[in-house]
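# Commentary on secondary and tertiary structure
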Amino acid sequence: MCDTCGCPSPSDHSHEHDHDHNHDHDHPHKSGHSHTKTVDVHASLFAANDALAKANREHFNEVGAVALNLISSPGSGKTTLLEQTIDALKGEIRIGVIEGDIETERDALRIRAKGVPVIQLTTGGACHLDAAMTHKGFHRLQKEPGGQNIDLLFIENVGNLVCPSTFDLGEHERVVLVSVPEGPDKPAKYPKAFTSSHTFLVTKTDLLPYFDFPVPEAVGDALHLNPKLRTMSLSSKTGDGMETWLNYLRELVANKKAGKLK
Amino acid sequence: MHEISLVQGLVQQLKELAAENQATKIISVTMEIGPLCGVVVDSFRFGFDIISSEEELIRGAELIVNIPTVRYTCSGCGDVLVIAGPRPDSCPACQDPTLFPEGGDDLILLQVEME
């Protein structure tokens, strides 16, 4: 149980010891008095994070929130998309945001200006969010005005297409974004971000006339890696494609309310 | 470099294992690093060297890395490929680029030798 509120998360100092130790005491007396011993552990290094992620998911489920983890390179337009999404869904869906960055409160300030509960996690150098940071972040978010009533939680990960892919935060859906100026080769070059995601968003499509970004090629590469990916293209600036994105979010929230999303 | 945080988690686990086994020195650590787990072996080694040099318990310990094979099933022709290296671009038999992997996505501490 969590020390902060009694949510299902293990407390910060507890560790999941699900590895079975093979305590066979073979003492090969090699030289002098050295007693060496080999211990079979067979434990995943992801186990501690995964246990916390599972607890986070239970916590989100308890409060009835759908959680989305947004992963992309820096500058792909995650925060701008959130600003537009908040404006579009105002009065319809109650949104909360956890912002992840290495430094500064800038993104949180932008989101706060939109009038929704938000907290900023600054990792101080770490290139990704993990389940423990998300756990603390969600508790902080719940103390913000409006933080008790969230239908849709966005967790904006640190801008990085590599490291965040490895860490489950407890989200229900993972969304990977690639903006047009980045080029269409991102799925091929950073496969883990696409194999671990549910949804792939091509952003800044208003810039398509100025860049060589064949959308079908990028989407095709991503689907080869992960045929189950849902794919969308949009521009936060012109609003093109936004309705498909908003309908996807509406459907997630409706599924959550109907108990179809665990 | 998320490998550094993963190594920090490993070191914590090694300290606990050493304490449980009344060991004062880790001699070797055997890891299984799946080719699809998102961890770069060289970066993991680099992180291990840096962090272990700061910890008396682990200083000088050998890091042994096993790379498991991944079983890919081609969505086109159904052929099965068993590969230990990076993910192939396409099926060598029919060139279909969609291959369904099984395994190779975990990072496992297999064995620890200590004294």
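Data block above holds the structure.
Read on for a plain summary of the structure. (Residues numbered from 1 in each chain as written. Chains lettered and ligands numbered in written order. Predicted model: local features only at pLDDT ≥ 70, side-chain atom pairs only at ≥ 80, totals over all residues. Heavy atoms only, no water.)

The secondary structure content of chain A amounts to eight helices and eight strands. When the 262 residues of chain A are sorted by exposure, 52% land in the buried category. Residue pairs at least 24 apart in sequence account for 70% of intrachain contacts in chain A once pairs closer than 6 positions are excluded. About 11500 Å² of surface is accessible on chain A, with carbon and sulfur atoms providing 51% of the total. (Helix = DSSP H or I, 4+ residues; strand = E, 2+ residues; numbered from the N terminus. Buried < 20%, exposed > 50% of the residue type's maximum accessible area, 1.4 Å probe, protein only. Contact = heavy atoms within 4.5 Å. Areas by Shrake-Rupley, 256 points an atom, 1.4 Å probe, with all protein chains shown as cover.)

Another aspect to go through is the overall build of chain B. The helix and strand inventory of chain B stands at two helices and six strands. For 115 residues, the compact-globule formula gives about 13 Å, and the C-alpha radius of gyration of chain B, at 18 Å, lies well above that figure. Taking the principal axes of the C-alpha coordinates as reference, chain B spans close to 55 × 25 × 15 Å. For chain B, with 115 residues in total, the buried portion stands at 44%. Considering only contacts within chain B whose residues lie at least 6 apart along the sequence, 69% involve residues at least 24 apart. Of the charged side chains in chain B, 6 are positive and 18 negative, and the gap between their average positions amounts to 3 Å. (Rg over C-alpha atoms; globule rule 2.2 N^0.38 Å. Lys, Arg positive; Asp, Glu negative; His and termini not counted. Charge placed at Lys NZ, Arg CZ, Asp CG, Glu CD.)

Residue and element names in this part refer to chain A. Read across the open sheet, the seven strands follow the order β4-β3-β5-β2-β6-β7-β8; overall the sheet is parallel. Edge positions in the sheet fall to β4 (118-122) and β8 (230-233), since each has one partner strand and no second. Ignoring strand direction, the axes of neighbouring strands in this sheet form an average angle of 20 degrees. Of the strand pairs in this sheet, strand β6 (residues 173-179) and strand β7 (residues 199-203) are connected by five bridges, and their pairing is parallel. Across the sheet, residue Leu-177 finds its bridge partner in β7, namely Leu-201. Where helix α2 (residues 78-89) meets the sheet, it contacts β2 (66-72), β3 (95-101), β5 (152-156), β6 and β7, and its direction lies at approximately 170 degrees from that of β3. Packing against the sheet, helix α4 (residues 131-143) makes contact with β3, β4 and β5, and its axis sits at approximately 150 degrees to β4. (Pairing = 2+ DSSP bridges. Axes fitted to C-alpha atoms, helices over the stretch in contact; angles between N-to-C directions.)

Another aspect to go through is the interface of chain A and chain B. At the junction of the two partners, chain A supplies 31 residues and chain B supplies 34 residues. Here chain A and chain B share an interface that buries about 2600 Å² over both sides, 58% of which is from carbon and sulfur atoms. Looking only at chain A, the three residues that lose the most surface to chain B are Leu-45, Phe-46 and His-224 of chain A, adding up to 23% of its buried area. For the interface between chain A and chain B, the tally reads zero salt bridges. Connecting chain A to chain B are 14 residue pairs in polar contact (both at pLDDT 80 or more). Taken together, the elements giving at least two residues each to the side of chain A that touches chain B come down to β1 (37-44), α6 (191-195) and α7 (215-225) of chain A. A breakdown of the residues in the side of chain A that touches chain B according to their chemical character gives twelve nonpolar, 15 polar and four charged. Note that β1 of chain A and strand β6 (residues 107-114) of chain B share six bridges and pair antiparallel. Bridging from a neighbouring strand, Ala-43 of chain A pairs with Leu-109 of chain B of β6 of chain B. (Buried area = accessible area lost by both parts, 1.4 Å probe. Salt bridge = Lys/Arg side-chain N within 4 Å of Asp/Glu carboxyl O. Polar contact = N/O pair within 3.5 Å; in protein donor to acceptor, adjacent residues only side chain to side chain. Nonpolar A, V, L, I, M, F, W, Y, C, P; charged D, E, K, R; others polar.)

Its location among the elements puts Thr-166 of chain A in the loop between β5 and β6. A distance of 3.5 Å separates the side chain of Thr-166 of chain A from the side chain of His-2 of chain B, its partner in a polar contact.

Residues and elements named next belong to chain A. Here the structure, examined in full by the defined rule, presents 16 salt bridges over all chains. Here Lys-257 ties to Asp-151 by a salt bridge, and the two come within 2.8 Å at their closest N and O atoms. Of this pair, Lys-257 sits in helix α8 (residues 242-257) while Asp-151 is found in the loop between α4 and β5, placing the two residues 106 residues apart along the sequence. Relative accessible area serves as the criterion here: at 53%, Lys-257 is assigned to the exposed category. On the basis of relative accessible area, Asp-151 is assigned to the buried category, the value being 7%. The partner of Glu-243 in a salt bridge is Arg-250, and the shortest N-O contact between them spans 3.0 Å.

We now examine the state of the cysteines. Among covalent bonds in proteins, the disulfide is the one between the sulfur atoms of two cysteines. Residues and elements named next belong to chain B. Enumeration over the complete set of coordinates arrives at zero disulfides over all chains. Summary of cysteine pairing: Cys-77 is not part of a disulfide, and the nearest cysteine sulfur, belonging to Cys-91, is at 3.8 Å. According to the relative accessible area criterion, Cys-77 is partly exposed, its value standing at 37%. The closest cysteine sulfur to the non-disulfide-bonded Cys-94 is located on Cys-74, 3.5 Å from its own sulfur. Residue Cys-94 is classed as partly exposed on the basis of its relative accessible area of 34%. (Disulfide = S-S within 2.5 Å.)

A word on the pairing of β5 of chain A. Residues and elements named next belong to chain A. Of all five residues in β5, five are buried; the element is thus mostly enclosed. Taken together, the five bridges between β2 and β5 define a ladder with parallel strand orientation. The partner of Val-66 across the bridge, within β5, is Leu-152. Looking at chain direction, β3 and β5 are connected through five bridges and run parallel. Across the sheet, residue Val-97 finds its bridge partner in β5, namely Phe-154.

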